[in-house]
Amino acid sequence: MRFPLYLLAPLLLTGCFTETASYAIDNDQHALTVRVDKEYFWSKEGTLRAIVSHMPACQRQLELGSVWLADLQIELFDSGNDVYTLRADDEAWQVNISDCTQLEAPKADAVTGQPLGVFVLEEDKQLVFAKPDSDAS
């Protein structure tokens, strides 16, 4: 009696995930969604994407690159003029929300703008957006 190998396929996918979290802009009329994909259970990196939505004008998914998944935190900044900056470790990315495009970003240590919060990949592999404490004065 042979063991069907296709029964092992779900085990190979158990460490894989796709997680998203969103930041609403202008009373939910527009949004910036961050998506993290871990494609292989053995991988320590994931693919980072931004989904920029400025409805009804545009909506676009932008592949930003690879990020380390351990302790992943992606900071979000409002850089003014419909430009938002994402920063994780020593990488930074900028998007223009009004035309759903990716811009050339400054170096990670030169990011400016108002901090809006942090996208955090929690231990249970759930991506959440956490706003900064407004009590910090």
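Just above sits the structure.
Below is a short write-up of the structure. (Residues numbered from 1 in each chain as written. Predicted model: local features only at pLDDT ≥ 70, side-chain atom pairs only at ≥ 80, totals over all residues. Heavy atoms only, no water.)

1. Observations concerning the overall build of the protein chain
Reasoning step 1: Helix and strand content of the protein chain: one helix and 10 strands.
Reasoning step 2: Counted from the first residue to the last, the protein chain has its helices and strands arranged as α-β-β-β-β-β-β-β-β-β-β.
Reasoning step 3: For the protein chain, buried positions account for 38% of its 137 residues.
Reasoning step 4: Here the protein chain has roughly 8800 Å² of accessible surface; of this, 48% comes from carbon and sulfur atoms. (Helix = DSSP H or I, 4+ residues; strand = E, 2+ residues; numbered from the N terminus. Buried < 20%, exposed > 50% of the residue type's maximum accessible area, 1.4 Å probe, protein only. Areas by Shrake-Rupley, 256 points an atom, 1.4 Å probe, with all protein chains shown as cover.)

2. Let's talk about the state of the cysteines
Reasoning step 1: The tally for this structure, following the rule as stated, stands at one disulfide.
Reasoning step 2: Each disulfide pairs two cysteine sulfurs, and for Cys58 the partner residue is Cys100, the sulfurs being separated by 2.1 Å. Its S-S torsion of about 80° marks the bond between Cys58 and Cys100 as right-handed, since a negative value means left-handed. Linking Cys58 in strand β4 (residues 58-68) with Cys100 in the loop between β7 (91-96) and β8 (101-103), this pair joins segments that are 42 residues apart in sequence. (Disulfide = S-S within 2.5 Å.)

3. A word on the pairing of strand β10 (residues 127-130)
Reasoning step 1: Burial along β10 is one-sided: the face carrying Leu127 and Phe129 is buried and the face carrying Val128 and Ala130 is not.
Reasoning step 2: As judged from the four bridges shared by strand β9 (residues 114-121) and β10, these two strands associate in the antiparallel manner. Along β10, the bridge assignment pairs Phe119 with Phe129.
Reasoning step 3: Linking β9 to β10, which pair antiparallel, is a turn of five residues; within it Lys125 sits at a positive phi near 65°. (Pairing = 2+ DSSP bridges.)

4. With respect to the environment of Asp89
Reasoning step 1: Locating Asp89 in the fold gives a position in the loop between β6 (83-88) and β7.
Reasoning step 2: Note on Asp89: relative accessible area 63%, which makes it exposed.
Reasoning step 3: Taking C-alpha positions, Asp89 is 9.0 Å from Trp68, a pair spaced 21 residues apart along the chain.

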